[in-house]
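Observations on chain architecture
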Amino acid sequence: MHVKHAANETKEQTKWNAVNWRQANRNVRNLRQRIFKAERKGDHRKVKSLQKLMLRSYANTLVSVRRVTQINAGKSTPGVDKVVIKTPEVRGKLVDELHSYRPWQAASTRRVYIPKSNGKLRPLGIPTVNDRVMQARVKNALEPQWEARFESISFGFRPGRSAHDAISSIFLLANPKGRKKWILDADIKGAFDNIGHEPLLESIGKTPGHGLIRQWLKAGYVDDGIKHETPAGTPQGGIISPLLANIALHGMEEALGVLRKKNTGTIKGHRAVVRYADDFVVFCESREDTERAKDELSEWLKERGLELSEEKTQIVHISEGFDFLGFNVRQYKMPGSKRGCKLHIKPSKASTQKIRDKLKKEWRSMRGTHAGIVITRLNPIVRGWTNYFRIGVSAKTFNKLDHWMSTRAYRWTKFRHPNKSWRWVKDKYWGRLNKKREDNWVFGDKQTGGYLLKFGWTKIERHTLVRGKASPDDASLNRYWEERRRKAHTLSPTRLKMARTQQWKCPVCGGHLLNGEDLQDHHMILNRENRDREDLKNRRLVHYFCHRQIHGGNSALPSVVKELLREG
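Described in the following lines is the structure provided in the data block. (Residues numbered from 1 in each chain as written. Predicted model: local features only at pLDDT ≥ 70, side-chain atom pairs only at ≥ 80, totals over all residues. Heavy atoms only, no water.)

What to know about the sheet that holds strand β2 (residues 121-126)
- Pairing is mixed across the open sheet formed by four strands, whose spatial order is β2-β1-β4-β5. Since the sheet does not close on itself, it has two edges, and those belong to β2 and β5 (226-228), each with one partner. On average, adjacent strands in this sheet sit at an angle of 40° to one another, irrespective of strand direction.
- Note: strand β4 (residues 221-223) against β5, three bridges, orientation antiparallel. By the bridge assignment for β5, Tyr221 is matched with His228. (Pairing = 2+ DSSP bridges. Helix = DSSP H or I, 4+ residues; strand = E, 2+ residues; numbered from the N terminus. Axes fitted to C-alpha atoms, helices over the stretch in contact; angles between N-to-C directions.)

In structure tokens:
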């Protein structure tokens, strides 16, 4: 191993539980914002200089190791080397190793398959933990540069943007007063597997990290012990793959000839497009123009090694409707309305059937178990599904699902108590368990007071579309993003009060509480018999892994963090 110490590397061994995450996150955030600003100004020399600084940054290495080994969903999934990182000591050693290891040699990915909704299998390429951390480091250097370039119509796998923004953008385009009523509902065939390497590398240019990206693209994969080459595509499962896919598809709006007003950025031409990763829809004013748009896009994609999926690509009128990101978008005839029709964006039939199938499987797997287990297993599923679909016309669907859930709950009770009467079962499991609602038909565990959530309890709320090309890497929009995150919360009343008291900051890492990590309550007084233990003055809302750091090595915490924990 050739060891070369970076300029800002620490000579002491990294002690994971003593890391000052406030400082590390601040350093990475500031560097990202400086890269974004330089790119917006067109100062390419400064962009490259700052990207090199990011790749040498000790803080970037720390943050990348934390994301890969603690936060990301695949943290327990090994690559071809069968290595996973689970202890603070090994994380510290990994930081020191990766921060000094030169030159880099990318390992092949491990091929695994996951089922798709259509019954087929989706291939994933799982890199080693070391490669994932290196990808996270390069991503922090490359992403802010491209955030300054990306089109406003791109919403998938970008910081601060979501599927809800894509749906909200479609809502503005598909409303009855609009003239673009013909839609190209398109899907790219095997986008991640077929992206051309050379066009992608040409788009990226000779940026710092270019050589590493080439290695990851060409590393190949191992399937059933046999190594295969990768002449095209970016491996799904890699940290940097979604960013590379967005780079490859950048310029779609320009290719379609979409015109915008200079002052406001609003569309003034005959076409519009909304893209979420490799799924996109094009709005046109006539079927003939939609056909031309399809042909133009096919040629544009061909230059990138891609093609449209004939199976999933269709041209429809808005009155026929189309499915996008789990929603169905359609204009219905309304004779009494001002324009004779009304737009409804609601959960698609496929999405509704999918949640029924999932819940049915859960109900059946818990036959004979305690009601408390049922509640624990099902509530997160109900909460997650309703939070996603709450932005549409979903009340009717929610109510139908509640009725269906009541039937499933009744079947569960009859299986558990086959010899008991309906009155006995009703008295044991149903009642007004949710004291905030006048509802006597809530299923739950009367001993503990726990109850099963209802879909219909979720309030329908319209999502606010992200502003134009706004990015969290734009330092001038810090206040805008702070307010936007606060409006998007799904916290309980108690946690909402705690978050406001803490100004929405985690006292340990200094990051925003709603950054995607799980939250936990930290009690300053640990004694359970102490009356003041549950007082809000004694509790701090912290990220899950920040909480583990407190209890894993509190004596080594930076003094500023200890003070913030005491003060709240």
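Overview of the packing of aromatic side chains
- Tallying each qualifying case throughout the model produces 23 aromatic pairs.
- Pairing Trp422 with Trp430 gives two aromatic rings, centres 5.6 Å apart and planes at 55°, and the pair type is tilted.
- Taking the relative accessible area as the measure of exposure, Trp430 reaches 7% and is therefore buried.
- Taken together, a centroid distance of 5.3 Å and an interplanar angle of 65° make the contact between Trp430 and Phe443 edge-to-face. Of this pair, Trp430 sits in strand β12 (residues 430-431) while Phe443 sits in strand β13 (residues 442-445), placing them 13 residues apart in sequence. For the pair Trp430 and Phe443, one class covers both residues: buried.
- These aromatic residues form a ring-pair network of at least three members: Trp363, Tyr410, Trp412, Trp422, Tyr429, Trp430, Trp441 and Phe443.
- The aromatic ring of Tyr221 is capped on one face by Arg111, whose charged end is 3.7 Å from the ring centroid. (Phe/Tyr/Trp six-rings, centres within 6.5 Å; stacked < 30°, edge-to-face > 60°. Buried < 20%, exposed > 50% of the residue type's maximum accessible area, 1.4 Å probe, protein only. Lys NZ or Arg CZ within 6 Å of the ring centre and 35° of its normal.)

As for a negative patch on the surface
- On the surface, Glu288, Glu291, Asp295 and Glu299 cluster together into a negatively charged patch.
- Among the secondary structure elements, Glu288 is positioned in helix α12 (residues 287-302).
- When its relative accessible area of 52% is taken as the criterion, Glu288 is described as exposed. (Patch = residues over 30% accessible without salt bridge, like charges linked within 9 Å, V, L, I, M, F, W, Y side chains within 5 Å. Areas by Shrake-Rupley, 256 points an atom, 1.4 Å probe, with all protein chains shown as cover. Salt bridge = Lys/Arg side-chain N within 4 Å of Asp/Glu carboxyl O. Lys, Arg positive; Asp, Glu negative; His and termini not counted. Charge placed at Lys NZ, Arg CZ, Asp CG, Glu CD.)

Considering unusual backbone geometry
- At Leu325, a residue that is not glycine, the phi angle is positive and equals roughly 55°.
- As for its position among the elements, Leu325 is in the loop between β9 (322-324) and β10 (327-333).
- A positive phi is found at Gln503, a non-glycine position, where the angle reads about 55°.
- Residue placement: Gln503 occurs in the loop between α18 (493-501) and β15 (519-523).
- Gln503 sits in the exposed class, given a relative accessible area of 56%.

Describing the sheet that holds strand β6 (residues 271-276)
- The antiparallel open sheet is built from four strands, whose spatial order is β6-β7-β3-β8. Each edge of the sheet is formed by a strand with only one pairing partner; in this case those strands are β6 and β8 (314-317). The mean inter-strand angle of the sheet, taken between neighbouring strand axes irrespective of direction, is 20°.
- Direction of pairing for β6 relative to strand β7 (residues 279-284): antiparallel, over a ladder of six bridges. Counterpart to Arg275 in the pairing with β7 is Phe280.

A word on the packing of helix α8 (residues 197-204) against helix α10 (residues 241-248)
- The contact between α8 and α10 brings their axes to 9 Å, and the two run at 85°. Judged on the interaxial angle alone, α10 and α8 are roughly perpendicular. For the pair α8 and α10, contact is made by Leu200, Ser203 and Ile204 and by Leu244, Ile247 and Ala248, respectively.
- Tallied by class, residues from the contact of α8 with α10 come to five nonpolar, one polar and no charged. (Parallel < 35°, antiparallel > 145°, perpendicular 65-115°, else oblique. Contact = heavy atoms within 4.5 Å. Nonpolar A, V, L, I, M, F, W, Y, C, P; charged D, E, K, R; others polar.)

Things to note about the side chain of Thr230
- Mapped onto the elements, Thr230 comes out in the loop between β5 and α10.
- Excluding residues within four positions of it along the chain, Thr230 makes contact with His197, Leu217, Lys218, Ala219, Gly220 and Tyr221.

Details of α12
- If you check α12, its first and last C-alpha atoms are 23 Å apart, about what 16 residues at 1.5 Å a residue would give, namely 22 Å.
- Those residues of α12 that fall on the buried side of the exposure criterion are Asp289, Thr290, Ala293, Lys294, Leu297, Trp300 and Leu301. The arc that holds every buried residue of α12, seen down its axis, measures 145°, which confines them to one face. In α12, the exposed residues that point more than 90 degrees away from the buried face are Glu288, Glu299 and Lys302.
- Against β3 (182-187), α10, α11 (252-255), β6, β7 and β8 lie the buried residues of α12. (Expected span 1.5 Å × (residues − 1). Arc of directions from axis to C-beta.)

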